[in-house]
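Structural overview for review
One-letter residues, chain by chain:
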Amino acid sequence: MNFALFVPRMDQRALFVGKTGCGKSWAARRILQWQRHDDECIDRCFDHPSIAKGTIALLPRRYVIAYDAKGLMRWPGFHRVTSFEALNRAANNPKKFPKIIYAPNAKELRDENFHEKFFLLCYERGKTTAYVDEWYAVARGLTYPPSAHAILTRGREMGVSIVGSTQRPSGIPQAIMSEADLFFAFHLKMPQDRKKIAEMIPVDGDDARNGDLLKPTTLKKTKFFFYLDGDDIVSGPHKLQG
């Protein structure tokens, strides 16, 4: 499958699901290097030399701010900060810091006000992709930051998109999944998580409908199923390489 088809347009939202160590963060990092342009946005970027009508072109995704709840992200090309004050300073200098990792300190990680501040900053900054390395850290049950909801439902107006990952899809708000345009489903440990994803995407067969295709014993590490909202089928398993 053409790698370009996995890459979200700037106005699309994506969700990666899978247990720790399955490769979803590595896949997200690779996907976030690019944004896809195709016929639907030719009018907005007709003057770019790599755009030709009827083709899919990948352009660099310039502005990304990542929320690193685990404190493990060390991505090349990203400026890493550990306080919201430092994040705010860096975000106000996009030419110097186009890509930022916010790994909040223990105090800010526990404080829901800082969750809201992160998403509000991304929303108001505009022309930015917000990446959440673990949705469960900032959104549980029916509760999640209001500005995260604003990005999910009105982000297109500001040129803001959101890409996120989680290992517990059954524990995060339904809106996060229902607003996703692209799904990347790696293997999941818990039956309730596998079933949740199976409910969200069109799958056939008993094993698919109850989520058994996402068992670690069935879907090997670094492999995933892919679904683009609006399509009739789920493709895969695929493996990103390189």
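What you see is a predicted model; the values in this text were computed from it and never measured.

**Concerning the sheet that holds strand β11 (residues 235-239)**
- Read from one edge of the open sheet, 9 strands run β5-β6-β4-β7-β8-β1-β9-β10-β11, paired in mixed fashion. What marks the edges here is a single partner per strand, and that holds for β5 (79-81) and β11. On average, each strand axis in the sheet is inclined to that of its neighbour by 20 degrees, with strand direction left out of account.
- Bridge count for strand β1 (residues 14-17) against strand β8 (residues 161-166) is 4 bridges, and the pairing is parallel.

**Some words on the packing of helix α2 (residues 84-91) against helix α4 (residues 112-125)**
- At a minimum axis distance of 11 Å, the contact between α2 and α4 shows a crossing angle of 5 degrees. Judged on the interaxial angle alone, α4 and α2 are roughly parallel. Judged by residue contacts, F84, L87, N88 and A91 of α2 engage F114, K117, F118, L121 and R125 from α4.
- Of the residues belonging to the contact of α2 with α4, the class tally is 6 nonpolar, 1 polar and 2 charged.

**Some words on the pattern of salt bridges**
- Per the stated rule, a full pass over the model turns up 6 salt bridges.
- Between D11 and R9 there is a salt bridge whose closest N-O contact spans 3.1 Å.
- One salt bridge in this structure joins E85 and R89, with 3.5 Å as the shortest N-O distance. With E85 and R89 both in helix α2 and 4 residues apart, the pair spans about one turn of that helix. The pair E85 / R89 is uniform in exposure class, with both members exposed.
- One salt-bridge network, in which partners are shared between bridges, spans R13, R156, E179 and D181.

What counts, and at which threshold
Residues numbered from 1 in each chain as written. Predicted model: local features only at pLDDT ≥ 70, side-chain atom pairs only at ≥ 80, totals over all residues. Heavy atoms only, no water. Pairing = 2+ DSSP bridges. Helix = DSSP H or I, 4+ residues; strand = E, 2+ residues; numbered from the N terminus. Axes fitted to C-alpha atoms, helices over the stretch in contact; angles between N-to-C directions. Parallel < 35°, antiparallel > 145°, perpendicular 65-115°, else oblique. Contact = heavy atoms within 4.5 Å. Nonpolar A, V, L, I, M, F, W, Y, C, P; charged D, E, K, R; others polar. Salt bridge = Lys/Arg side-chain N within 4 Å of Asp/Glu carboxyl O. Buried < 20%, exposed > 50% of the residue type's maximum accessible area, 1.4 Å probe, protein only.

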